Amino acid sequence: MAKAGEFARKVMSGNRCAIIADETSARLFGDRISESFTAENFSPHLVRIPAGEKSKSLTQVERICDELIEAGLDRSSFVVGLGGGVIGDISGFVAAIFQRGIPHVQIPTTLLAMVDSSIGGKTGVNLDAGKNLIGAIHHPALIIADVKALESLPPNELRQGYAEIIKHAIIRDAEMFRALSPRTQSKNGFVALIRRNIAIKARIVSADVREVSGERALLNFGHTVGHAIERATNFKIPHGDCISIGMIAACGISTKRAGLSSQERDDVVALLKRFQLPTQLPAEVDRERVAAAVVHDKKFLGGKIRFVVTPRIGEAHVSNDVTMEDIREGIAEL
């Protein structure tokens, strides 16, 4: 992070920038990043927004854009997202629409953002009807992942990132799936694991930048039900926990529709549990409400869902054979 300004200077010509951060990332890293940019003759303006998924709204976007105008940003400026996935989504969306599009720099400060959400250019905000229904694909000009930033994360926040790491293993890397263990993460091993996951996502995104061929859709494994859980619980359950539960539903559907063995489904359950990720919905969550939320998922095309299934660990594909009844059954079993 100390070199953020130096890295940015290599790819940015304009001098004004807005650093968008939530209260936590602003408190922990805001001064350090601002000083780094100032040292390279940038003029940074720190924009603070409330932490949490509820900040991903058009109302918040309008407020940020008004602040950028007041701070003197123009078409030669750029936006920096400093924080986790929520910040990356909203800062990227602001960059995509402000003055019809200005560059975006991502500085992810959570494991989930480093291995997943900062890569690929997907930006967006939520509507009452569902998650990320308003957005744009706007690839960052630069991503700076400083692993030392993760030292400030509580264990609960780290495990959110492991949900996406396990997802990558299920859809693309059986060897990593077998090797994953909370007890074997040395410092060097941890950095190598992050690099490995960045490479997995980058390869998938590069093969299908705008999610046209279906390759990129593989990254949605577990997300159809996971996003529905988020919406049905008003985002009270963390994203990674929801994806973990969603992957269990996806594995159950995969045993029915894609030939996933019961043993490999059990292996997924066991690995998630080893990382203290949930594998069942809390009893108080209304399963019908979750099922109702699924129909607002962006992966419905022409009224039909494109559901990602896994026939075996390390492989995945998009299926058009999964029915809403299959999904309801999968949710009922959680």
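Please refer to the structure placed before this passage.
To keep things clear, this report deals only with the structure shown in the data block. (Residues numbered from 1 in each chain as written. Predicted model: local features only at pLDDT ≥ 70, side-chain atom pairs only at ≥ 80, totals over all residues. Heavy atoms only, no water.)

1. Focus: the overall build of the chain
For clarity, the cut-off: A run of H or I in DSSP becomes a helix once it reaches four residues, and a run of E becomes a strand once it reaches two; helices and strands are each numbered from the N terminus. The globule rule used here is 2.2 Å times the number of residues to the 0.38 power, and the radius of gyration it is set against is calculated over C-alpha atoms. It only takes one pair of heavy atoms within 4.5 Å for two residues to be counted as in contact. What sets the accessible areas is the Shrake-Rupley method with a 1.4 Å probe; for residues, cover comes only from the shown protein chains. Counted charges follow a simple rule, with Lys and Arg positive, Asp and Glu negative, and His plus the chain ends left uncounted. For charged residues, the charge sits on one atom: NZ in Lys, CZ in Arg, CG in Asp, CD in Glu.
Helices and strands together make up the secondary structure of the chain, namely 13 helices and eleven strands. Since a compact globule built from 334 residues should have a radius of gyration of about 20 Å, the 20 Å found for the chain is in line with a globular shape. Its C-alpha atoms give the chain principal-axis dimensions of roughly 60 × 45 × 40 Å. The contacts of the chain with a sequence gap of at least 6 include a subset with a gap of at least 24, amounting to 75%. As presented, the chain carries roughly 14,600 Å² of accessible surface, and 48% of it is formed by carbon and sulfur atoms. Side chains of the chain give 42 positive and 39 negative charges; the mean places of these two sets differ by 3 Å.

2. Focus: the packing of aromatic side chains
The condition that has to hold: Two aromatic rings from Phe, Tyr or Trp, using only the six-membered ring of Trp, form a pair when their centres are within 6.5 Å; if the ring planes differ by under 30 degrees the pair is stacked, by over 60 it is edge-to-face, and anything between is tilted. Three labels apply to residues, based on accessible area from a 1.4 Å probe with only protein chains included: buried if under 20% of the type maximum, exposed if over 50%, partly exposed otherwise in between. Charge over a ring is defined by NZ of Lys or CZ of Arg lying within 6 Å of the ring centre and within 35 degrees of the ring normal.
All chains considered together, the criterion is met by four aromatic pairs. Both rings, one in F37 and one in F42, keep their centres 5.4 Å apart while their planes meet at 55°; by these two values the pair is tilted. F42 gets classed as buried once you look at its relative accessible area, which sits at 3%. Taken together, F37, F42 and F78 form an aromatic cluster joined through their ring pairs. When the ring centre of F42 is taken as origin, the NZ or CZ atom of R9, which lies over that ring, is 3.8 Å away.

3. Quick look at the pairing of strand β6 (residues 130-137)
For the record, the criterion: Two strands pair under a simple rule: DSSP has to find at least two bridges between them.
The sheet contact formed by strand β5 (residues 122-127) and β6 spans five bridges and is antiparallel. Looking at the pairing, K122 lines up with I137 of β6. Where β5 hands over to β6, the hairpin turn is made up of two residues, counted between the paired strands.

4. Notes on the packing of helix α9 (residues 223-232) against helix α12 (residues 287-294)
In plain terms, the rule: To get an axis, fit a line to the C-alpha atoms, keeping to the stretch in contact for a helix; angles then go from 0 to 180 degrees between the N-to-C directions. Between 65 and 115 degrees an angle is taken as roughly perpendicular, under 35 as roughly parallel, over 145 as roughly antiparallel, and anywhere else as oblique. Handedness of a crossing follows from how the near helix is turned relative to the far one, being left-handed for an anticlockwise turn of less than a right angle and right-handed for a clockwise one. Only Asp, Glu, Lys and Arg are considered charged in this grouping, and only Ala, Val, Leu, Ile, Met, Phe, Trp, Tyr, Cys and Pro are considered nonpolar; every other residue, Gly among them, is considered polar.
Across the interface, α9 lies against α12 with an axial gap of 8 Å and an inter-helix angle of 120°. By the angle class used here, α9 and α12 are oblique. The two elements α9 and α12 meet at a crossing, and its hand is right-handed. Facing T224, V225, A228, I229, R231 and A232 of α9, the residues of α12 in contact are R289, V290, A293 and V294. Tallied by class, residues from the contact of α9 with α12 come to seven nonpolar, one polar and two charged.

5. Points about the pairing of strand β4 (residues 104-108)
For the record, the criterion: With strands facing away from the observer, any crossover in which the path from the first strand over the helix to the second runs clockwise is taken as right-handed.
Buried residues dominate β4, accounting for five of its five residues. Neither face of β4 is left uncovered, since the one carrying H104, Q106 and P108 and the one carrying V105 and I107 both have all their residues buried. Once you follow strand β3 (residues 78-83) into helix α4 (residues 85-97) and on to β4, the crossover reads as right-handed. Sheet analysis places β4 next to strand β7 (residues 142-143), joined by two bridges and oriented parallel. Bridging from a neighbouring strand, Q106 pairs with I143 of β7.

That's the geometry; what it means functionally is another story.
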